[in-house]
Amino acid sequence: NTARRKDTARHHSAVHLLDSALIKKLGNHVKQAGSLVEPNRLRFDFTHNAKLTDEEIKDIEIMINGWIQECYPVNTTVMKIKDAVESGAIAIFTEKYDELVRVVEIGDVSKELCGGTHVKNTGEIGFFKIISEESLSKGVRRIEAKVGMSAYDYVIKLEKTLNLVLKELSTNIDELPKRIVELKQPSKEALKSFRFEFDQAKLKKIDNCNFYIDFLDGDIETLKKYGDTIKNTVKEVVVVLYGKFEEKVYIVCMVGGNCKNYFNANAIIKKICSKFGAKGGGKELYAQAGVNFDKFNPNAIYEQSLYL
Ligand SMILES: [Zn+2]
């Protein structure tokens, strides 16, 4: 039927634009490695070694939608294959070429050998949207995209799902990212009922003293409670606990038993602060600090120099 053929022509013509946009954005190494065109989607496989970034995908979409808005005419000419190749036309659809070939030119953005059915003008494509980008095999990526009403239907489906999520979480689109972070955090209430498990494996011998170093979800109060539990269990121990809560990381240091003869909680916290740009302090047996999560480096937690 005519509508289906028209939709297929829209998606097929968009493949030409996608090929050009990928070459312009990523480089001349991009070569077609396969494609599939249906009335409601297109798939394009191409040579490229890295996952496309969100920024690259956005730029490609903007480029193609710009070409669509320009309403470039699609011109087909029949010429000798030798002349076609010399004029710079590229073969994107692998097929056996006769002496005479069709060269499809879209404005000044695309020139390719192709025997397929195209729109007369890029404006007919309407709207272009990439819906996925993935690895197909080593050095080959796959993009799936939709154009025209199929792309519109896809956006509507996203909107419907989003509205469902917003309603369920009683929030709006601007507050949603913050709301998700909150949901992933344990609540203050949940932290209160959290039961600490003393873990013998977390005890480290540093300079003849037992150190108990741990990283968990929790605010200062949670860390103190946990620290007391450890001190009551081990006695001769230096406890250093890191707790993530909301957008911050809290750090407490507690010195138990005779460890006070060798270690000072305030000195340890000051060293940790200098490492992360954290702020805090305290006394010989107890000190605490806090730092924004984005400044925090979890890899440094077990670095021995922080505690000696
Ligand atoms: Zn074509």
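Report follows, based on the coordinates. (Residues numbered from 1 in each chain as written. Predicted model: local features only at pLDDT ≥ 70, side-chain atom pairs only at ≥ 80, totals over all residues. Heavy atoms only, no water.)

Re the overall build of the protein chain
- Scanning the protein chain from N- to C-terminus turns up 8 helices and 14 strands.
- Seen through its C-alpha atoms, the protein chain measures out along the principal axes to roughly 95 × 45 × 30 Å.
- For the protein chain, buried positions account for 41% of its 308 residues.
- Split by element, the accessible area of the protein chain, about 17,500 Å² in all, is 51% carbon and sulfur. (Helix = DSSP H or I, 4+ residues; strand = E, 2+ residues; numbered from the N terminus. Buried < 20%, exposed > 50% of the residue type's maximum accessible area, 1.4 Å probe, protein only. Areas by Shrake-Rupley, 256 points an atom, 1.4 Å probe, with all protein chains shown as cover.)

A short note on the nonpolar core
- Counting 30 residues, the largest nonpolar core has L18, L22, L42, I64 and F128 as the members making the most contacts within it.
- Taken together, the elements giving at least two residues each to this core come down to α1 (2-26), β2 (41-47), α2 (54-69), β5 (100-106), β7 (128-137) and β8 (140-147).
- A total of 7 residues in this core trace back to one element, the largest contributor, which is α1.
- When neighbours within four sequence positions are excluded, L18 is seen to be in contact with L42, F44, I60, I64, F128 and I143. (Core = buried A, V, L, I, M, F, W, Y, C linked by side-chain atoms within 4.5 Å. Contact = heavy atoms within 4.5 Å.)

Let's talk about the pattern of salt bridges
- Across all of its chains, the model carries 15 salt bridges by this definition.
- Here E221 ties to K224 by a salt bridge, and the two come within 3.9 Å at their closest N and O atoms. With a gap of 3 residues between them, E221 and K224 both fall in helix α7 (residues 220-234), about one helical turn apart.
- Judged by relative accessible area, which is 28%, K224 ranks as partly exposed.
- Of the charged contacts in the structure, one is a salt bridge between E303 and K275, with a shortest N-O distance of 3.0 Å. With a gap of 28 residues between them, E303 in the segment after β14 (286-292) and K275 in helix α8 (residues 265-276) connect regions that are remote in the sequence.
- Given a relative accessible area of 41%, K275 falls into the partly exposed group. (Salt bridge = Lys/Arg side-chain N within 4 Å of Asp/Glu carboxyl O.)

Considerations on the sheet that holds strand β12 (residues 248-255)
- If you trace the 6 strands from one edge of the open sheet to the other, you get β9-β10-β11-β12-β14-β13, paired in mixed fashion. Two strands close off the open sheet at either side, each with one partner strand: β9 (203-206) and β13 (279-282). Averaged over all pairs of adjacent strands, the angle between their axes in this sheet comes to 15°, without regard to strand direction.
- As defined by bridge partners, β12 adjoins β14 across 7 bridges and the pair is classed as antiparallel. (Pairing = 2+ DSSP bridges. Axes fitted to C-alpha atoms, helices over the stretch in contact; angles between N-to-C directions.)

Comments concerning the coordination of the zinc ion
- Protein-derived coordination of the zinc ion comes from H12 (NE2), H16 (NE2), C114 (SG) and H118 (NE2), at a distance range of 1.9 to 2.3 Å.
- Between consecutive donors of the zinc ion, the numbers of intervening residues give the motif H-x3-H-x97-C-x3-H. In this pair, H12 and H16 both sit in helix α1, 4 residues apart, roughly one turn of the helix. Of the two residues, H12 and H16, both sit in the buried class. (Donors = N, O, S within 2.8 Å, 3.2 Å for Na, K, Ca; no water.)

What about the environment of S150?
- Tracing the backbone through its elements, the reader meets S150 in helix α4 (residues 148-168).
- Each C-alpha atom, one on S150 and one on N40, is 5.4 Å from the other, the two residues being 110 residues apart in sequence.

Focus on the sheet that holds strand β1 (residues 32-38)
- Overall, antiparallel pairing links the 4 strands, which are arranged β1-β2-β8-β7 in an open sheet. Edge positions in the sheet fall to β1 and β7, since each has one partner strand and no second. Ignoring strand direction, the axes of neighbouring strands in this sheet form an average angle of 15°.
- Each of β1, β2, β7 and β8 touches α1; the most contacted strand, β2, lies at about 30° to it.

Things to note about the packing of α1 against α2
- Interhelical geometry of α1 versus α2 gives an angle of 130° and a closest axis separation of 10 Å. With respect to each other, α1 and α2 are oriented oblique. Regarding α1 and α2, the two cross each other, and that crossing is right-handed. Between α1 and α2, the contacting residues are L17, L18, S20, A21, L22, K24, K25 and L26 on the first element and E56, D59, I60, M63, I64, W67 and I68 on the second.
- Within the contact of α1 with α2, the residues separate by chemical class into 10 nonpolar, 1 polar and 4 charged. (Parallel < 35°, antiparallel > 145°, perpendicular 65-115°, else oblique. Left-handed = near helix turned anticlockwise from the far one by under 90°. Nonpolar A, V, L, I, M, F, W, Y, C, P; charged D, E, K, R; others polar.)

Here we look at the pairing of β9
- Across 4 bridges, the pairing between β9 and strand β10 (residues 209-217) is antiparallel. Pairing of L203 across the sheet is with Y212, part of β10.

Observations concerning the side chain of H118
- The topology assignment puts H118 in the loop between β6 (110-113) and β7.
- Residue classification places H118 among the buried positions, given a relative accessible area of 14%.
- A distance of 3.1 Å separates a polar atom in the side chain of H118 from a polar atom in the side chain of H16.
- Residues within four places of H118 in sequence aside, it is in contact with A9, H12, S13, H16, V74 and V104. (Polar contact = N/O pair within 3.5 Å; in protein donor to acceptor, adjacent residues only side chain to side chain.)

Some points on a nonpolar patch on the surface
- Side chains of M149, Y152 and I156 sit close together on the surface and give an oily, nonpolar patch of about 310 Å² of accessible area.
- Of note, Y152 is situated in helix α4.
- A residue is classified by how much of its surface remains accessible, and Y152, at 45% relative accessible area, is partly exposed. (Patch = residues over 30% accessible without salt bridge, like charges linked within 9 Å, V, L, I, M, F, W, Y side chains within 5 Å.)

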